[in-house]
Amino acid sequence: MARVLIVGAGLTGSLCAALLRKAATRPLHLAVWDKAGDSGGRMTTASSPHNPQSTVDLGAQYITCTPHYAKKHQSFYEELLAPGVLKPLTSPIEGMVMKEGDCNFVAPHGVSSIINHYLKESGADVYFRQCVTQINLRNDKWEVLRETGSPEQFDIAVLTMPAPQILQLQGDIVNLISECQRQQLESVSYSSRYALGLFYEAGTKIDVPWAGQYITSNPCIRFISIDNKKRNIESSEIGPSLVIHTTVSFGVTYLEHSTEDVQELIFQQLENILPGLPQPVATKCQKWRHSQVTNAAANSPGQMTLHLKPFLVCGGDGFTQSNFDGCITSALCVLEALKNHI
């Protein structure tokens, strides 16, 4: 049985796992490793420590589908809409730029439910807190080392983490990346920002006419969402949750500061925008060092094959674009590159 490792439990990694399972013509052992404590990557949903039903999307907020991709990726949207993993976004988002023909969707159970849908479909063994440090070539297999735990061997490896993290890997992989590929990986750039999730007690009222708002006049805050309202979930048992995304310039300026200090600065600015907010019962501050791709790898449509036998391939939005459809495109390109090997 071929052993396949997918590094990264974000959208590209989870969808790769589901597509590989569907396309495989022989039995596969699929493993997904992620360095975080949960699935989602940049589509992560955090829960309140006081009530796991009170959640907040710290990464992607909603999915915008253009007419082009509504047609091209129709089956992917239908697969998520049918069981209610996605629903049309009907709540008001102030300042959202709408183009003709675009549709917006929201995940009622949090955006990470999309990832969990694909992981469940894949039947993969998913392991968290697995930080890959080295990849070596051993007897026509990949020997993969991590910070904790013994090395494991795989026949195929798929890397879906951000490009800078691929370049940090040690071992034989360093010499397997060609000079041209290295330059392409180095050219991938990302914006940085912080997200702050706030969880409130049941019965708390946040009296604003919108579910989300883009802010253009604040040096720190770019977007605010009342997350339960965004997803059309009002409940007397579950308190409201709020997420704040900072501007990129703020994110870059305070990138190496402690999250405690950054949280305090965001709170100060939030008071100017929503004065008199009640005290949250819990908070979660997330640093997105690699938030959205600002410059994708040139001339590597959707994926980058680093080695053929055994197969080693990179995928993710760094090879396409930072949105739902960019990740689908990359996962399909990885599958195309792999299909003769599974």
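Reading the values: the criteria
- Residues numbered from 1 in each chain as written.
- Predicted model: local features only at pLDDT ≥ 70, side-chain atom pairs only at ≥ 80, totals over all residues.
- Heavy atoms only, no water.
- Salt bridge = Lys/Arg side-chain N within 4 Å of Asp/Glu carboxyl O.
- Helix = DSSP H or I, 4+ residues; strand = E, 2+ residues; numbered from the N terminus.
- Buried < 20%, exposed > 50% of the residue type's maximum accessible area, 1.4 Å probe, protein only.
- Pairing = 2+ DSSP bridges.
- Axes fitted to C-alpha atoms, helices over the stretch in contact; angles between N-to-C directions.
- 1 Å grid on protein atoms, 1.4 Å probe; cavity = no way out; pocket = protein on both sides within 12 Å on 5 of 7 lines; lining within 4 Å.
- Points joined across faces, edges and corners; volume = space filled by probe spheres on them.
- Nonpolar A, V, L, I, M, F, W, Y, C, P; charged D, E, K, R; others polar.
- Parallel < 35°, antiparallel > 145°, perpendicular 65-115°, else oblique.
- Left-handed = near helix turned anticlockwise from the far one by under 90°.
- Contact = heavy atoms within 4.5 Å.
- Phe/Tyr/Trp six-rings, centres within 6.5 Å; stacked < 30°, edge-to-face > 60°.
- UniProt positions renumbered as here; feature names shortened; annotations may be inferred.
- Arc of directions from axis to C-beta.

An unreviewed UniProt entry lists the chain under the name Renalase, FAD dependent amine oxidase, with Monodon monoceros as the source organism.

Asker: Which residues make up the pattern of salt bridges, and what are the values?
Answerer: Under the defined criterion, the tally for this structure stands at 14 salt bridges. R138 is paired through a salt bridge with E143; the nearest N and O atoms lie 3.6 Å apart. Here the salt bridges do not stand alone but share partners, grouping D57, D227, K230 and R231 into one network.

Asker: Explain unusual backbone geometry to me, using residue names and the numbers behind them.
Answerer: A cis amide bond links K309 with the next residue in sequence, P310, at an omega value of -5 degrees. Position of P310 relative to the elements: it lies in the loop between β21 (303–307) and β22 (311–315). Look at R129: it is not a glycine, yet its phi comes out positive at around 55 degrees. The topology assignment puts R129 in the loop between β9 (125–127) and β10 (132–138). Here R129 falls in the exposed class, since its relative accessible area comes to 61%. Phi angles above zero are rare outside glycine, and N139 is one such case at about 50 degrees. Considering the arrangement of structural elements, one finds N139 in the loop between β10 and β11 (141–146).

Asker: Can you lay out the sheet that holds strand β12 (residues 152–154) for me, pointing to particular residues and giving the numbers?
Answerer: One open sheet accounts for 3 strands, arranged β10-β11-β12; its pairing is antiparallel. Where the open sheet ends on each side, the last strands, each with one partner, are β10 and β12. Here the strands of the sheet are splayed against their neighbours by 30 degrees on average, with no regard to which way each runs. Note that β11 and β12 share 3 bridges and pair antiparallel. The residue of β12 that forms the bridge with V144 is E152.

Asker: Go over the layout of surface pockets, please, and point to the residues and values.
Answerer: The method is simple in principle: a probe with the dimensions of a water molecule rolls over the atoms, and the space it marks as empty is what remains. In this structure, the second largest pocket occupies an estimated 260 Å³ of space. Classifying every residue of the lining of the second largest pocket gives 4 nonpolar, 6 polar and 4 charged.

Asker: Just give me the short version of the packing of helix α3 (residues 74–81) against helix α11 (residues 324–338), but keep the residues and values in it.
Answerer: With their axes 11 Å apart at the nearest point, α3 and α11 run at an angle of 115 degrees to one another. For the element pair α3 / α11, the angle class is roughly perpendicular. Helix-helix and strand crossings are classified by hand; for α3 and α11 the assignment is right-handed. From α3, F76, Y77 and L80 reach across to α11, where they touch F324, D325, I328 and L332. Per-class residue counts for the contact of α3 with α11 are 6 nonpolar, no polar and 1 charged.

Asker: How would you sum up the packing of aromatic side chains? Please name residues and give values.
Answerer: In total, this model carries 6 aromatic pairs according to the counting rule given. On the numbers, 5.7 Å between centres and 85 degrees between planes, the contact of W33 with F154 is edge-to-face. Of the two residues, W33 is situated in strand β2 (residues 28–33) and F154 in strand β12; the sequence distance between them amounts to 121 residues. Ring pairing ties together the aromatic residues Y77, F105 and F324, which thus form one cluster.

Asker: Run through the packing of α3 against helix α4 (residues 112–122), naming residues and quoting values.
Answerer: The geometry of α3 relative to α4 is characterised by a closest axis approach of 11 Å and an angle of 100 degrees between their N-to-C directions. By the angle class used here, α3 and α4 are roughly perpendicular. Contacts between α3 and α4 pair F76, E79 and L80 from the former with I114, H117, Y118 and E121 from the latter. Of the residues contributing to the contact of α3 with α4, the split by class is 4 nonpolar, 1 polar and 2 charged.

Asker: I'd like a rundown of the UniProt feature "domain: Amine oxidase" (unreviewed entry) in the chain, residues and numbers included.
Answerer: UniProt records the feature "domain: Amine oxidase" (unreviewed entry) for residues 98–303 in the present numbering. Across residues 98–303, helical content stands at 26% and strand content at 30%; the span's end C-alpha atoms are separated by 30 Å.

Asker: Tell me about helix α7 (residues 179–187), and please be specific about residues and values.
Answerer: Because an α-helix completes one turn every 3.6 residues, residues spaced three or four positions apart along the sequence face the same direction. Where α7 is concerned, the buried positions are Q181, R182, Q184 and L185. Along α7, the residues classed as buried sweep out an arc of 160 degrees about the axis, all on the same side. In α7, the exposed residues that point more than 90 degrees away from the buried face are E179 and E186. The secondary structure elements touched by the buried residues of α7 are α5 (163–167), α6 (173–176) and β21.

Asker: Please set out the side chain of S330 residue by residue, giving values where relevant.
Answerer: Within the secondary structure layout, S330 lies in helix α11. A residue is classified by how much of its surface remains accessible, and S330, at 0% relative accessible area, is buried. Setting aside residues up to four positions removed in sequence, S330 forms contacts with T12, G302, G315, G316 and T320.

Asker: Explain the sheet that holds strand β5 (residues 63–65) to me, and be specific about the residues and the numbers.
Answerer: Paired through their backbone hydrogen bonds, the strands of a sheet run either parallel or antiparallel. Spatial ordering of the open sheet is given by β5-β8-β6, a layout of 3 strands whose pairing is antiparallel. Of all the strands in the sheet, the pair left with one neighbour each is β5 and β6 (87–88). Sheet topology note: the β5/strand β8 (residues 103–106) ladder contains 3 bridges and is antiparallel. Bridging from a neighbouring strand, T64 pairs with N104 of β8.

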